[in-house]
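One letter stands for each residue in the lines below.
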Amino acid sequence: MKAITIQAIELHTVLLPYLTPFETSFGAETDKVAVLVELTTAAGAVGWGECSIELWPGYGQETAETARHVLSEFMAPALMGETIGDPREIRPLLRRFRGNHHARAGLEAAVWDAFATTNDMRLTDCFAQYAPAGQASEGRATVGVSIGIQPSLDATVDVVRQRLAQGYGRVKLKIKRGWDVEVARAVRAAFPDILLMLDANSDYGPADAEHLAQLDEFDLLMIEQPLAHDDIYQHGLLQKRLKTRVCLDESVKSASDLRIALQVGALGILNLKPARVGGFSECLEIYCICVEHDLPLWIGGMLETGVGRAANLAFAALPAVNLPSDISATDRYFAADISEPPFILSADSTLAVPDGAGIGVEVQRDRLEEAKRRWEENYPYGKVAPRK
């Protein structure tokens, strides 16, 4: 494998409008914000990474402004001039900076992309080089669709019907207190045979265990992150009271967290988000644990632009990712993404990994500049009104 030497790093804060608002227990989002990392090597290869975040510190603690600050002032300077023979070398180079997983993941992703491009490899095949033996990329990933909270039960059923007609084979419904049992009942009654899961985004507490047990009757694939974002222990107690498998998301921020969760029986399925765990090097370590324990695994999303979507898809194409991932087609979220080609859903509910080297998509400079302008016009100096 050819090494790369990091010569330049440029940051781009972008804002893309969603086709429709996306509502969870955190509130409704109308736009995608991200900090895109453009890394250039001494040999002229370019790698792209995405710090996929939100306008508010909701899902995670970071925002566009905090990520850009940490990247520009600390993390990016620490990598300048470094020669990288293995992308996993980024972790020790950044170890002195604590937290900031989303920023770290975006920077590391740009290194992985530049490294794969330099070696004329698809990123998915590059990942496979560092996975356990026999883990060659399958070249495509089975995906599902995430449906935000709708204004009514009828509206929810209509949206599910629309997504099924588009070819999605697994449906995830966002739930919250007061919007859970009845919505599950309505959707299951309308579609008795679909692969269905619920995502609570930490909206419940230990005292809600009996209420959550009512969801067992709906033959769910899983219930995702019902309890606190930083909890593992109470999830273990809850799993003992539910027939439905608990899937952890926010609670697992490292390979160490996953080992603890397995030890206390806190999960039956893992949602792995590269942004949440600080990048693909940590993802590979977590992947090895899932292989070791035969733990069902899927790749979650942060409604990424094409840059982050391509990288997530490259990882989701590894064979131990054995449940449908949250990496929907481009037209699920954006009228025009920041990169080409778009991701198109196949009839078998899969997305194909692009054929090109690295992430396999090309950032469109005109769209990049428009998305940067939109950020600057809507949030001058990064000022964002607090969410009510």
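Shown above is the structure to which this text applies.
The model shown is predicted, which means the values in this text are computed figures rather than measured ones. (Residues numbered from 1 in each chain as written. Predicted model: local features only at pLDDT ≥ 70, side-chain atom pairs only at ≥ 80, totals over all residues. Heavy atoms only, no water.)

S.K.: What is the right way to read the overall build of the protein from this model?
M.R.: Summing up its helical and strand segments, the protein has 13 helices and 15 strands in all. Computed over the C-alpha atoms, the radius of gyration of the protein is 20 Å, within 12% of the 21 Å expected from 2.2 N^0.38 for a compact globule of 388 residues. Expressed as a percentage of the 388 residues in the protein, the buried residues total 60%. Across the protein, every contact between residues at least 6 apart in sequence was considered, and the portion connecting residues at least 24 apart equals 72%. Carbon and sulfur atoms form 50% of the exposed surface of the protein, whose accessible area is close to 15,400 Å². Averaging the coordinates of the 38 positive side-chain charges in the protein and doing the same for the 53 negative ones gives two points 2 Å apart. (Helix = DSSP H or I, 4+ residues; strand = E, 2+ residues; numbered from the N terminus. Rg over C-alpha atoms; globule rule 2.2 N^0.38 Å. Buried < 20%, exposed > 50% of the residue type's maximum accessible area, 1.4 Å probe, protein only. Contact = heavy atoms within 4.5 Å. Areas by Shrake-Rupley, 256 points an atom, 1.4 Å probe, with all protein chains shown as cover. Lys, Arg positive; Asp, Glu negative; His and termini not counted. Charge placed at Lys NZ, Arg CZ, Asp CG, Glu CD.)

S.K.: Got a minute to help me understand helix α11 (residues 280-293) in this structure?
M.R.: Each full turn of the α-helix corresponds to 3.6 residues, which orients residues three or four apart in the same direction. With 14 residues, α11 extends 20 Å from end C-alpha to end C-alpha; this agrees with the ideal 20 Å at 1.5 Å per step. Among the residues of α11, F280, S281, E282, C283, L284, I286, Y287, I289 and C290 are the ones counted as buried. Two residues or fewer after α11 comes D294, characterised by a positive phi angle close to 55°. (Expected span 1.5 Å × (residues − 1).)

S.K.: Would you take a moment to explain the nonpolar core for this structure?
M.R.: The tendency in soluble globular proteins is for nonpolar side chains to be buried side by side. Membership of the largest hydrophobic core comes to 129 residues, with the highest contact counts inside it found for L270 and F315. Apart from the residues within four sequence positions on either side, L270 is in contact with C247, L248, V252, L258, R276, I286, C290, L295, P296, L297 and W298. (Core = buried A, V, L, I, M, F, W, Y, C linked by side-chain atoms within 4.5 Å.)

S.K.: I tried to follow the environment of S349 on my own but got confused; where do I start?
M.R.: Structurally, S349 is set in the loop between β13 (339-340) and β14 (350-352). Judged by its relative accessible area of 5%, S349 is buried. If we skip the residues at most four places from it in the chain, S349 touches A141, T142, V143, G167, Y168 and G169. From its side chain, S349 meets the backbone nitrogen of G169 in a polar contact 2.9 Å long. (Polar contact = N/O pair within 3.5 Å; in protein donor to acceptor, adjacent residues only side chain to side chain.)

S.K.: I tried to follow the pairing of strand β1 (residues 4-24) on my own but got confused; where do I start?
M.R.: Consecutive side chains of a regular strand alternate in pointing toward one face of the sheet and then the other. Note: β1 against strand β4 (residues 83-84), two bridges, orientation antiparallel. Bridge pairing in β4 links I4 to I84. Examined bridge by bridge, β1 and strand β2 (residues 27-41) share 14 bridges and lie antiparallel to one another. The residue of β2 that forms the bridge with E23 is A28. (Pairing = 2+ DSSP bridges.)

S.K.: I tried to follow the sheet that holds strand β3 (residues 46-52) on my own but got confused; where do I start?
M.R.: The strands making up a sheet associate through hydrogen bonds between their backbones, and the pairing can be parallel or antiparallel. Taking strand neighbours across the sheet as the criterion, the four strands line up as β3-β2-β1-β4 in an open arrangement whose pairing is antiparallel. Where the open sheet ends on each side, the last strands, each with one partner, are β3 and β4. Of the strands in this sheet, β1, β2 and β3 are in contact with helix α1 (residues 64-79), which crosses β1 at around 165°. Sheet strands touched by helix α3 (residues 101-118): β1, β2, β3 and β4. Its angle to β3, the strand with the most contacts, is close to 155°. (Axes fitted to C-alpha atoms, helices over the stretch in contact; angles between N-to-C directions.)

S.K.: How should I be thinking about the sheet that holds strand β7 (residues 170-174) in this particular structure?
M.R.: Read from one edge of the open sheet, seven strands run β6-β7-β8-β9-β10-β11-β12, paired in parallel fashion. With one partner strand each, in any of the chains shown, β6 (145-147) and β12 (297-299) form the two edges of the open sheet. Pairing between β7 and strand β8 (residues 195-199): five bridges, direction parallel. Residue pairing across strands places R170 opposite L195, the latter belonging to β8.

S.K.: Can you walk me through empty space enclosed by the protein in this structure?
M.R.: Over the atoms rolls a probe the size of a water molecule, and its path tells where empty space is left. Counted by the stated rule, this structure contains three cavities of 30 Å³ or more. Estimated volume of the largest cavity: approximately 330 Å³. Together, 26 residues line the largest cavity, and F22, E54, G301, M302 and L303 are the ones closest to its centre. If you list the elements that add at least two residues to the lining of the largest cavity, you get β1, β2, β6 and β7. A per-element tally of the lining of the largest cavity places β2 first, with five residues. Across the lining of the largest cavity, the residue classes tally to eleven nonpolar, six polar and nine charged. (1 Å grid on protein atoms, 1.4 Å probe; cavity = no way out; pocket = protein on both sides within 12 Å on 5 of 7 lines; lining within 4 Å. Points joined across faces, edges and corners; volume = space filled by probe spheres on them. Nonpolar A, V, L, I, M, F, W, Y, C, P; charged D, E, K, R; others polar.)

S.K.: It is not clear to me how the side chain of Q135 should be interpreted in this structure. Could you clarify?
M.R.: Here Q135 shows up in the loop between α4 (123-129) and β5 (140-142). At 2.3 Å, the side chain of Q135 and the side chain of Y287 are in polar contact. Sequence-distant contacts of Q135, defined by excluding residues within four places in its chain, comprise A128, Y287, V291, L318, P319 and A320.

None of this, on its own, says anything about what the molecule does.
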